[in-house]
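Tertiary structure, described
For reference, the chains in residue letters:
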Amino acid sequence: MEPAEQPNELVSAEGRNRKAVLCQRCGSRVLQPGTAVFSRRQLFLPSMRKKPALADGSNPDGDLLQEHWLVDDMFVFENVGFTKDVGNIKFLVCADCEIGPIGWHCLDDKNSFYVALERVSHQ
């Protein structure tokens, strides 16, 4: 299946996630099905690595990602951790294995948590 077709398989008619969202590395459940809305927004996420290395903000390597799951309440997550503030951004990581970032949260907007589709798996 081509990457352009993948969101159709993952997104319901209501625009929500059809499948559970899991950590690519350890398989820990990040979101239950139907708890996030598909969103296209261009966001920069640093390269995947362990949480302590993310917090120093020194490595500019990363990816400009456009397809995300948008969650409006941090308590909807099954299993997610947050880095220390990097400017006005907190990056989302897997709470079990601490790999990330899998997502992005701007401290200026308390109700927007983005999880990049390319950084998670679905089941």
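Scroll up to find the structure this text is about.
Every value quoted in this text rests on a predicted model; they were computed, and no experiment measured them. (Residues numbered from 1 in each chain as written. Predicted model: local features only at pLDDT ≥ 70, side-chain atom pairs only at ≥ 80, totals over all residues. Heavy atoms only, no water.)

1. A look at the pattern of salt bridges
- As enumerated under the stated definition, the model contains four salt bridges in all.
- A salt bridge links Arg119 to Asp63; the nearest nitrogen and oxygen atoms lie 2.8 Å apart. Of this pair, Arg119 sits in the loop between strand S10 (113-116) and strand S11 (120-122) while Asp63 sits in strand S5 (residues 62-71), and the two are 56 residues apart along the sequence.
- Among the ionic pairs, Asp85 bridges to Lys90, the shortest N-O distance being 2.8 Å.
- Taking the relative accessible area as the measure of exposure, Asp85 reaches 41% and is therefore partly exposed. (Salt bridge = Lys/Arg side-chain N within 4 Å of Asp/Glu carboxyl O. Helix = DSSP H or I, 4+ residues; strand = E, 2+ residues; numbered from the N terminus. Buried < 20%, exposed > 50% of the residue type's maximum accessible area, 1.4 Å probe, protein only.)

2. Description of the pairing of strand S9 (residues 103-106)
- The side-chain alternation of S9 yields two buried faces, one formed by Gly103 and His105 and the other by Trp104 and Cys106.
- As paired strands, strand S7 (residues 89-93) and S9 are joined by four bridges and run antiparallel to one another. Residue pairing in the sheet places Leu92 in a bridge with Gly103 of S9.
- Pairing of S9 with S10, which is carried by three bridges, proceeds in the antiparallel orientation. If you follow His105 over to S10, its bridge partner there is Phe113.
- Between the antiparallel neighbours S9 and S10 lie six residues. (Pairing = 2+ DSSP bridges.)

3. Points about the sheet that holds strand S3 (residues 37-46)
- Strand order in this open sheet of six strands is S3-S5-S10-S9-S7-S6, and the pairing throughout is antiparallel. Edge strands, defined here as strands with exactly one partner in the open sheet, are S3 and strand S6 (81-82).
- Where S5 lies against S10, four bridges are found, and the strand directions are antiparallel. Residue pairing across strands places Leu70 opposite Tyr114, the latter belonging to S10.

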